[in-house]
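# Coordinate inspection notes
Chain by chain, the residues:
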Amino acid sequence: MKKLLTFICLSLAMIVASTSSIFAAEGKIEEMMKRTGYPKEVITSEIEKYAKKENISNAAAESILYDAVVASTSYEDDSISTYSSSGGTVALLNSHRSDLFYTPGGTGHVGLYSTSEKIVEAPGAGYVVTEKSAKNKKVAKTTKIAGVSSTLKGKTRISDRKQQDVVGFARGKIGSKYAYTLDNKSCGNHDYNCSQLLYCAYSIGAWIYVDASTDAFVTPSDIYHSDYVFYIKTVK
């Protein structure tokens, strides 16, 4: 009888632990969905791909990506930071070639100035990487324009040659489809999201890693908060 009771207790404990793990996993996935704007099937697919890439368990991959999502969407000016979002009420201002624009908050987004009057961006799901006139891009009034320096905490833009190479990379991706991914520091893809496009353009074109985090992926917030990025003006 004692053995039977012991077996029953152990079985119940295992069921409770298993159920708790399932609820915990679901909670993490739901939180990642909330913070990134990605659907559940994308989140679970990304967990599986990252686990395979790193040769770790799905549970370990989920924990790593969850921690990265939370860390990268907890900046002071970002309640939630998704990867791409288009839309707004005011026209984007002109700036300088190789500068970037960044919209914080629940519709986090970044794009690159290919000239003083044009931008290259990955607008979001259902759209391709495109180049357009800055004045034809509608953004939120909180949108910030920033430059990128070759030195940490610098206030001087990268060299003309590096500007050319950065823009050249981004323009080379025009027509690429939008990518849902939580592992977006790979620059050989056929698909790109907005932060991935800029991260790769600067890292390949100028050997500058515009990323405030050390996580598996880079968000618009990570790019803007990089120590290589300096504030210029706010769209009002």
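Everything in this summary refers to the structure shown in the same document. Because the structure is a prediction, the values reported are computed rather than measured.

Take the overall build of the chain next. A tally of regular secondary structure across the chain gives six helices and eight strands. Traced from its N-terminal end to its C-terminal end, the chain shows the element sequence α-α-α-β-β-β-β-β-β-β-α-α-α-β. Counting all 236 residues of the chain, 45% fall into the buried class. Contacts spanning at least 24 positions in sequence make up 67% of the contacts within the chain whose residues lie at least 6 apart.

So, about the sheet that holds strand E8 (residues 229-234). Strand order in the open sheet formed by six strands is E5-E4-E3-E2-E7-E8, and the pairing between neighbours is antiparallel. Only two strands of the sheet have a single partner each, and these edge strands are strand E5 (130-133) and E8. Between one strand axis and the next, the sheet turns through 30° on average, direction left out of account. Strands in contact with helix H4 (residues 160-172) are strand E3 (109-113), strand E4 (118-121) and E5; relative to E3, the strand with the most contacts, it is inclined by about 120°.

For the pair H4 and helix H5 (residues 194-206), interaxial distance at closest approach is 8 Å and the crossing angle is 135°. In terms of orientation, H4 and H5 fall into the oblique class. Note on packing geometry: the crossing formed by H4 with H5 is right-handed. Across the interface between the two elements, Lys 162, Asp 165, Val 166, Phe 169 and Ala 170 of H4 pack against Leu 197, Cys 200, Ala 201, Tyr 202, Ile 204, Gly 205 and Ala 206 of H5. Here the contact of H4 with H5 is built from residues that sort into nine nonpolar, one polar and two charged.

Within the element layout of this structure, Asn 136 appears in the loop between E5 and strand E6 (138-139). The class for Asn 136 is exposed, based on a relative accessible area of 52%. Sequence separation of Asn 136 and Ala 91 is 45 residues, and the distance between their C-alpha atoms is 6.3 Å.

Scoring rules and cut-offs
- Residues numbered from 1 in each chain as written.
- Predicted model: local features only at pLDDT ≥ 70, side-chain atom pairs only at ≥ 80, totals over all residues.
- Heavy atoms only, no water.
- Helix = DSSP H or I, 4+ residues; strand = E, 2+ residues; numbered from the N terminus.
- Buried < 20%, exposed > 50% of the residue type's maximum accessible area, 1.4 Å probe, protein only.
- Contact = heavy atoms within 4.5 Å.
- Pairing = 2+ DSSP bridges.
- Axes fitted to C-alpha atoms, helices over the stretch in contact; angles between N-to-C directions.
- Parallel < 35°, antiparallel > 145°, perpendicular 65-115°, else oblique.
- Left-handed = near helix turned anticlockwise from the far one by under 90°.
- Nonpolar A, V, L, I, M, F, W, Y, C, P; charged D, E, K, R; others polar.

In short, the description is geometric, and any link to function would need to be established separately.
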